[in-house]
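Residues per chain are reported as follows:
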Amino acid sequence: ITNVVSRKVAWLLRPLPHKINRLDEFKNKGIIAVGWPCIGNLHNKNKDDIKKIIDNNDKYNYSKVVLGNVASILDNFVNRMEIGDLVVMPYKDDIYIGRITSDYNYNQEKDNDEDGYPHQRKVEWVTNKASRKKLSDDLRKSLRNRRTTADLSSHYYEIEEFGIDIK
């Protein structure tokens, strides 16, 4: 019998794929998503594969640094997030907390410049809207990270507790 250590992982996710506010849609449909349309299905692609796909796409003309950042964001979303992980979605003064309930899903219908969020996961929203002001200073600072996704696992217990308290 092996002892399975349960993961305590939490992620930041911004509701602005393709620079379009999808907050209401994410909440209503029980999904989270990231942009970068027109690069196809990233299932079974590692970070290096993702980087090559983006670099070879004329639509995206990134510097090496930005390309590396984008590949990391997509790798987090496609490969590192797992069912059961918590997600914190900040928007203005509010936050929304959810738990991931599906593996990565490529939605071909949204893989275009109008919709622009083909890379998706299902999520169960644990909280409705809560004020950012109720979080610790450390967690609020972490939410200032400008990336689309970021690892917030160092704050897992605060996020989990917060989600339980306001449920």
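In what follows, the accompanying structure is described. (Residues numbered from 1 in each chain as written. Predicted model: local features only at pLDDT ≥ 70, side-chain atom pairs only at ≥ 80, totals over all residues. Heavy atoms only, no water.)

### Examining the pairing of strand β1 (residues 10-13)
For a regular strand, the rule is simple: side chains alternate between the two faces of the sheet.
Moving on, step 1. Burial along β1 is two-sided: Ala10 and Leu12 and Trp11 and Leu13, pointing in opposite directions, are all buried.
Moving on, step 2. One ladder, built from three bridges, connects β1 with strand β3 (residues 86-91); its direction is parallel. Of the residues in β3, the one forming a bridge with Leu12 is Val88.
Moving on, step 3. Both β1 and strand β8 (residues 149-151) contribute to a ladder of three bridges, which runs antiparallel. Pairing of Leu13 across the sheet is with Thr149, part of β8. (Buried < 20%, exposed > 50% of the residue type's maximum accessible area, 1.4 Å probe, protein only. Helix = DSSP H or I, 4+ residues; strand = E, 2+ residues; numbered from the N terminus. Pairing = 2+ DSSP bridges.)

### Structural notes on the nonpolar core
Moving on, step 1. By size, the foremost hydrophobic cluster in this structure holds 32 residues, and its most contacted members are Leu13, Phe26, Ile32, Trp36, Ile54 and Leu74.
Moving on, step 2. Of all elements in the fold, only β1, α1 (23-29), β2 (31-34), α2 (47-55), α3 (64-80), β3, β4 (94-100) and β6 (119-125) reach the threshold of two or more residues within this core.
Moving on, step 3. Broken down by element, the residue count for this core peaks at seven residues, all from α3.
Moving on, step 4. Discounting chain neighbours no more than four positions away, the residues touching Trp36 are Tyr60, Tyr62, Val70, Ile73, Leu74, Gly116, Pro118, His119 and Thr148.
Moving on, step 5. Within the second largest apolar cluster, 16 residues are counted, among which are Leu12, Leu152, Ile159 and Phe162. (Core = buried A, V, L, I, M, F, W, Y, C linked by side-chain atoms within 4.5 Å. Contact = heavy atoms within 4.5 Å.)

### As for the environment of Tyr91
Moving on, step 1. One can find Tyr91 in strand β3.
Moving on, step 2. In this structure the C-alpha to C-alpha distance between Tyr91 and Arg132, which are 41 residues apart in sequence, comes to 9.0 Å.
Moving on, step 3. Apart from residues lying up to four places away in sequence, Tyr91 is in contact with Pro15, Leu16, Asn21, Leu23, Tyr96 and Arg132.
Moving on, step 4. Of the polar contacts made by the side chain of Tyr91, one reaches the side chain of Asn21; its length is 2.7 Å. (Polar contact = N/O pair within 3.5 Å; in protein donor to acceptor, adjacent residues only side chain to side chain.)

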